[in-house]
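Chains, contacts and geometry: an overview
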Amino acid sequence: MPAATQDPLRKVDDVAGFADVPRAEKERLVAEVFADPRFADYLYGCYECGICVAVCPSARFYDFSPRRIAQAAGRRDVDLLYQQMQEDIWECSQCFSCLRCPRGNNPGGVITIMREVAVNNGMSSAREALEGYSRIIYKIMSTGTQVSPDMLQPDAFPDWGPEVQDVSENLALWRRALPPETHHTTSTGWSVAERTLIELYLIWLETGALDMIRQVDEGLHMILEEVMEDRLEEEGIER
Amino acid sequence: MTTTPVELVLAKKERFDRTPDRRSEDFHEELFELERAGELLVQRVPDDFVTVSTKYGVPKKIPRAHLWHHKSCGQCGHIPGYSTSIFWIMRKLGHDYHDPSDQTSCTAWNYYASATSNQAAQAAVALRNFAAAYETGYFPLIHCGTSYGHYKEVRAEILRHPELRTQVRKVLEKLGKPMVLPEEIVHYSEYLYALRDEIAAQQVRDFTGIGVTVHPACHYYKLVEGDAIFDPDVYQGQRTAVVTGLATRLGAEVRNYSTWFDCCGFGFRHILVQRDFTRSFATMRKIEVMKEEANPDVVLTHDTGCVTTLDKSQFAAQAHGKNVGVPVMSEAQFAALAMGAHPYKVCQLHWHSANYRPLLEKMGIDWRAAWAEFEESVAKLARNEQEFVTWEDVGV
Ligand code: SF4
Ligand code: SF4
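Residues numbered from 1 in each chain as written. Chains lettered and ligands numbered in written order. Predicted model: local features only at pLDDT ≥ 70, side-chain atom pairs only at ≥ 80, totals over all residues. Heavy atoms only, no water.

This part is about the site of ligand 2. All names here are of chain A. With respect to spatial proximity, 13 residues lie near ligand 2, and among them Cys-46, Tyr-47, Cys-49, Cys-52 and Cys-101 are the closest. If you list the elements that add at least two residues to the shell around ligand 2, you get α3 (51-55) and α5 (66-74). Of the residues contributing to the shell around ligand 2, the split by class is 8 nonpolar, 2 polar and 3 charged. (Near = heavy atom within 4 Å. Helix = DSSP H or I, 4+ residues; strand = E, 2+ residues; numbered from the N terminus. Nonpolar A, V, L, I, M, F, W, Y, C, P; charged D, E, K, R; others polar.)

This is the structure:
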């Protein structure tokens, strides 16, 4: 096999924005991707036809290609896959247009798995991609709804037009003006029952989803863990 | 109107109908097999249903009533006229439903944005919600395109992977919940499509001459695509029939454009932390193309992310002198308007960004008077004469 730097499909090494790691470490990370139970359903080799690139929104605006991902995974190219986990995967829009692949591949799904491995291992690309994103994770994991009316603040969405300001200024009243009984909330999308929230916390704790946060944002992990464990303790639920 | 390349291609195609012997495998068989093996329960579609056809010919039952509304965080939070219109239409049609607080978001927006979750957690969230619906006896109706897409993925994984079933079952046991999958995963746009005649029968506003472009949601018809509704009478059966089938039934003129299959540019993480991409894609690949090729009065779509992206991306593009400026809404809001819903009290258009007022005028709606009515109802709330605006206040 040629040295990684001679591989014409690789982006040039000296512009890479990440530190290289020993080959064994790359192999370990890539093995985690291949070991995901979904992987076998998502990749059946690759015709290299490029149909996935033609339909891919991210390929139009970034130096990004689902075909490169599918090919690298198909060839088990450990160096290239590691590079893609550091540089490419966060550019994907997760639209799954690439499911039009004539080979039955799901390049977007392969990317989902690569992202999960990047998060689980606290890779620098994951930490970087999730900077500025922690309030969303906090919202979804702690309240049960991902976006809330009070997120509509003009300083957060200055490019969305003056209506954002109108909404934020009139928020409480405009929420009371909504006929559905569950919609009068401002800090969650709808009113989520207490019992429901506790069940959600148990899911995050039991499935290891909360542990994943520790790898990318320790501070956020601590806050979430405290919120959840306190609440479960109040309910007398032992784990 | 010039003929677009898409129209030329479609004009050459014949009506396409799939005969029963040419149907693909049907997931229902695996589902019922697992039920027989005692692995899970299947919540049956209530008796009152409409049968529609899907992409590969497998029939799909769409329940008419007794629905458990699986809400969307992006709709309820940022486009509340979307969910309000769905409820309003059901009430207007006289079909009962349940709007639960025992429901969490599907959490898939976060998952596709940040990957800070895993297969088991995502499946457990989905099945917890399905169990909550089952316990009430109402059948789940999914509001969000991404929830719908993700839940179809979860169903496929649950059917295929016994280890995942074991993992999820253990979690559900801890919660004291049964392991249930619904017989069909139904999106609200399928409901509106299936009931389009009932909806049209209550139409009070004339939509003749209203030019519409449709943006179909990727997670609706690309992700586990076999569930999506295809109808030989809509686009000759070559594209999903939802949204278009309803808009046409309401008398609007649905116009084609060449980037119909493109995504909107939402990107899950991009809409929140990398909006330069979202904005560029939404305006350059969708709105500008629609304007140039079809010049619509309104863009209709059927998913939370698509409404948000296509609507909110136009403001900044307008400042750059781009050929944008067309209102965006869900077909639920459009249908509610057709049935006489209030543009602000029900459709909540003041939460939208692109200018919708010329559209309302074309529909024969005096938006100034309507806004004054809305302000009056808000003033009543401010004076604490009333705690909330109620369904009665909006005629249902
Ligand atoms: S899922 Fe990702 S790779 Fe696939 S088409 Fe969408 S943006 Fe491209
Ligand atoms: S569409 Fe499929 S076969 Fe073609 S290049 Fe992409 S992944 Fe490979």
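Attention shifts here to the domain arrangement of chain B. All names here are of chain B. As assigned here, chain B comprises domain 1 (26-188) and domain 2 (204-367). A C-alpha centroid distance of 25 Å is found between domain 1 and domain 2. Contact residues are listed per partner, giving 39 residues for domain 1 and 37 residues for domain 2. Regarding the contact of domain 1 and domain 2, the summed buried area is about 3100 Å², with carbon and sulfur atoms giving 65% of it. On the domain 1 side of the interface with domain 2, the three residues burying the most area are Lys-55, Trp-88 and Trp-109, jointly 19% of the side's total. Joining domain 1 to domain 2, the criterion identifies 1 salt bridge. Run the count over domain 1 and domain 2 and you get 17 residue pairs in polar contact (both at pLDDT 80 or more). For the side of domain 1 that touches domain 2, the elements supplying multiple residues, two or more each, are β2 (49-53), β3 (59-63), α3 (73-78), α4 (80-93), α5 (108-114) and α7 (145-160). (Domains from an automatic or database assignment. Contact = heavy atoms within 4.5 Å. Buried area = accessible area lost by both parts, 1.4 Å probe. Salt bridge = Lys/Arg side-chain N within 4 Å of Asp/Glu carboxyl O. Polar contact = N/O pair within 3.5 Å; in protein donor to acceptor, adjacent residues only side chain to side chain.)

What follows concerns the site of ligand 1. Residues and elements named next belong to chain A. What surrounds ligand 1 is a group of 14 residues, the closest being Cys-56, Cys-92, Ser-93, Cys-95 and Cys-98. Looking at the shell around ligand 1, the elements that each hand over two or more residues are α4 (57-61) and α7 (107-120). Grouping the constituent residues of the shell around ligand 1 by class yields 9 nonpolar, 5 polar and no charged.

Domains assigned within chain A are domain 1 (12-128) and domain 2 (133-234). If you average the C-alpha positions of domain 1 of chain A and of domain 2 of chain A, the two centres end up 30 Å apart.

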